[in-house]
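Single-letter residue listing:
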Amino acid sequence: MTSSEIRQQFLDFFKSKEHHIVPSAPIVVKNDPTLLFTNAGMNQFKDYFLGNRKPAYPRVADTQKCLRVSGKHNDLEEVGVDTYHHTMFEMLGNWSFGDPGNPQAGYFKKEAIAWSWELLTKVFKIDKDRLYVSVFEGDEKEGLPFDEEAYNEWKNWIAEDRIIRGKKKDNFWEMGDTGPCGPCSEIHVDCRTEEERKSMEGKTLVNADHPQVIEIWNNVFMEFNRLKDGTLQKLPARHVDTGMGFERLVRVLQSKTSNYDTDVFTGTIKAIGKIVDKEYDNDDSKTSVAFRVISDHIRAICFTIADGQLPSNTGAGYVVRRILRRAVRYYYSYLDYKQPLLYQLVLFIAGQFQHVFPELKNQQDFVAKVIKEEEEAFLRTLEKGLKRIDDIISKAGSAEIIGGKEAFELYDTYGFPIDLTRLIATENNLAVDETGFEAEMQQQKNRSRQATAIDAGDWTVVNEAERSSFVGYDRLSVQTRIIKYRKV
Ligand code: ATP
Ligand code: MG
Ligand code: MG
Ligand code: MG
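Residues numbered from 1 in each chain as written. Chains lettered and ligands numbered in written order. Predicted model: local features only at pLDDT ≥ 70, side-chain atom pairs only at ≥ 80, totals over all residues.

A. Local environment of the overall build of the protein chain. Of the regular secondary structure elements, the protein chain holds 17 helices and 15 strands. Here the protein chain holds 488 residues, and the buried ones make up 41% of them. Considering only intrachain contacts with a sequence separation of at least 6, the fraction spanning at least 24 residues in the protein chain is 68%. (Helix = DSSP H or I, 4+ residues; strand = E, 2+ residues; numbered from the N terminus. Buried ≥ 20, exposed ≤ 12 C-beta atoms within 10 Å, placed from the backbone. Contact = placed C-beta atoms within 7 Å.)

B. Spotlight on the pairing of strand β10 (residues 213–226). Burial of β10 is extensive: 10 of the 14 residues sit out of reach of the surface. Summarising the sheet, strand β9 (residues 179–190) and β10 pair through 10 bridges and their orientation is antiparallel. Considered in β10, the bridge of G179 is made with R226. In the sheet, β10 pairs with strand β11 (residues 232–245) via 9 bridges, with the strands oriented antiparallel. (Pairing = 2+ DSSP bridges.)

C. Highlighting the site of ligand 1. With respect to spatial proximity, 17 residues lie near ligand 1, and among them D75, F89, N218, G243 and G245 are the closest. Taken together, the elements giving at least two residues each to the shell around ligand 1 come down to β5 (88–96), β10, β11 and α7 (246–253). A per-element tally of the shell around ligand 1 places β10 first, with 4 residues. Here the shell around ligand 1 is composed, by residue class, of 6 nonpolar, 6 polar and 5 charged. (Near = placed C-beta within 6 Å. Nonpolar A, V, L, I, M, F, W, Y, C, P; charged D, E, K, R; others polar.)

D. Examining helix α15 (residues 418–427) more closely. Where α15 is concerned, the buried positions are L420, T421, I424 and A425. Projected down its long axis, α15 carries its buried residues within an arc of 135°, all on one side. Residues of α15 that are exposed and angled more than 90 degrees away from the buried face: T426 and E427. Elements in contact with the buried residues of α15: α10 (315–334), α13 (364–396), β12 (401–402), α14 (404–414) and β13 (431–432). Downstream of α15 by a residue or two, N429 has a phi angle that is positive, lying close to 55°. (Arc of directions from axis to C-beta.)

E. Structural detail: the nonpolar core. One finds I301, C302 and A327 to be the most contacted residues of the largest nonpolar core, which totals 106 residues. In terms of residues, this core owes the most to one element, helix α9 (residues 286–306), which gives 11 residues. Inspection of this core shows a minimum of three residues originating in each of domain 1 (3–253) and domain 2 (265–455). (Core = buried A, V, L, I, M, F, W, Y, C linked by C-beta atoms within 7 Å. Domains from an automatic or database assignment.)

F. Looking closely at the domain arrangement of the protein chain. Looking at the protein chain, the domain boundaries give domain 1 (3–253) and domain 2 (265–455). Inter-centroid distance (C-alpha atoms) of domain 1 to domain 2 is 31 Å. Between domain 1 and domain 2, the contact holds 19 residues from the first and 19 residues from the second. Taken together, the elements giving at least two residues each to the side of domain 1 that touches domain 2 come down to β2 (59–67) and β3 (69–70). With 3 residues, the single largest contributor to the side of domain 1 that touches domain 2 is β2.

G. Examining the packing of α9 against α13 more closely. One way to put it is that α9 packs onto α13 with a least axis distance of 10 Å and a crossing angle of 120°. Regarding the angle of α9 to α13, the classification is oblique. Seen along the crossing, α9 lies across α13 with a hand that is right-handed. Residues I301, C302, I305 and A306 of α9 pack against V367, V370 and I371 of α13. Residues of the contact of α9 with α13, tallied by class, amount to 7 nonpolar, no polar and no charged. (Axes fitted to C-alpha atoms, helices over the stretch in contact; angles between N-to-C directions. Parallel < 35°, antiparallel > 145°, perpendicular 65-115°, else oblique. Left-handed = near helix turned anticlockwise from the far one by under 90°.)

H. Region of interest: the pairing of β2. Of all the 9 residues making up β2, 9 are buried; the element is thus mostly covered by neighbouring parts of the structure. Residue alternation in β2 divides its side chains into two sets, R59, A61, T63, K65 and L67 and V60, D62, Q64 and C66, and both sets are buried. Bridge count between strand β1 (residues 20–21) and β2: 2 bridges; the pairing is parallel. Bridge pairing in β2 places I21 opposite A61. Both β2 and β5 contribute to a ladder of 9 bridges, which runs antiparallel. Bridging from a neighbouring strand, K65 pairs with E90 of β5.

I. Structural detail: unusual backbone geometry. At E18, a residue that is not glycine, the phi angle is positive and equals roughly 65°. In this structure E18 comes out as exposed when scored by C-beta crowding, with 11 C-beta atoms within 10 Å. A positive phi angle, close to 60°, is found at D277, a residue other than glycine. Structurally, the position occupied by D277 is in the loop between α8 (266–276) and α9. According to the C-beta neighbour criterion, D277 is exposed, with 9 such atoms within 10 Å.

J. Fine view of α10. Between its first and last C-alpha, α10 extends 29 Å over 20 residues, near the 28 Å set by a 1.5 Å rise per residue. Counted residue by residue, α10 has 16 buried out of 20 residues, so it is predominantly covered. Downstream of α10 by one or two residues, D336 has phi in the positive range, about 55°. (Expected span 1.5 Å × (residues − 1).)

Given below as structure tokens:
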């Protein structure tokens, strides 16, 4: 089955369960001061859970573009090193928005659990013996009960020794210190070889115990409201919020040991290989990590720009720039390619995703142009910056640390984001004095208040009084930064 067919089957399945299929929200978030990028499928439905808006449909499903490189979820350092954390990924999800006025419309644990089991084992035909689930074990100190209801539902489908009791960290979901929250139930797939399975028989495994046992799906059951004083109230309307990692699901269904060996990534990896004249291997060499990192990062870069966030020096724009510069350093140092590379991949990615996310195809020339200019700018200082950091490292001696002043010099003179300096430091078994770096940054900001004022706005807001959504760039010029909005 191709990845496109898998995505479609997920959506068709929930359509058959009376879900309304909605498009992905933009990966770039504009109307929420607490969030720069969408990091989960539920973000666009937050107001329904909070009771601020009424949902148009009680059941919905979609695939959502997500980015996890800042804030609560930051997977950047895992990417390319492990085989299943991406910067940008698709989160498949199904929701039930409980509506007290129309209780039949929604559903809760019983249906959510039965359907996820049906989809994975009947439609996708995943071997039952390869599945594990987890339920919330409860937390006395916090006054949170064991999720017996979910446990009993799972018992209808799966042997009890495959139902793992998990702690609050993994099995209780909260939006923040107050507000809707509830237990969740994760589904893990055991992708170990038969041999490995035999040699570890009897040991209950979850994701953290083995790199081939991966979490694919999380079912959140929102049933409480946490009040300011910390107490829990039962919510009048209970909701289901699920998220399944699309690339991980494809990996399982295509029987691969790495997300990068699925058809989501093989085309991009091939295209990179052709450009740099090297071959990719599924191993831990620096070259292989570079292939994986670049094939991952290019998607994040393309879709954030296509959704309205240009690379810049502040806020969300700087997140895009950081990802881009990290990718450049990977090809420059490990694929021995010294010219702009990323922009050459844009047309390929746009083609691959044109049916599910046409926004990239519609703006591919502009996106490629922005990326190329960014690459050129960084390549102008990268060589010298790498020489300078080599010099700093060789002089670090027993200190085993890159000082804050040096990290700031790399940032300020050579355009090295702090996470790039940290990455290179780690490769050389050094740490970075990040507190010192922050202090230097602050001093510079104080020196040039004016510059900060100019940088303050990432967005050209056409009319602040009205909600608007990004519909495309106005012309093919990076400098003019004219962005079009549509009222919503
Ligand atoms: P993990 O423990 O693997 O980091 P998570 O518990 O942080 O995952 P959730 O917040 O529960 O993830 O998100 C729901 C699903 O999204 C996960 O079960 C997983 O399949 C997928 N997912 C989460 N983070 C990533 C990522 N960085 N790249 C790809 N898929 C992801
Ligand atoms: Mg995570
Ligand atoms: Mg997890
Ligand atoms: Mg999870």
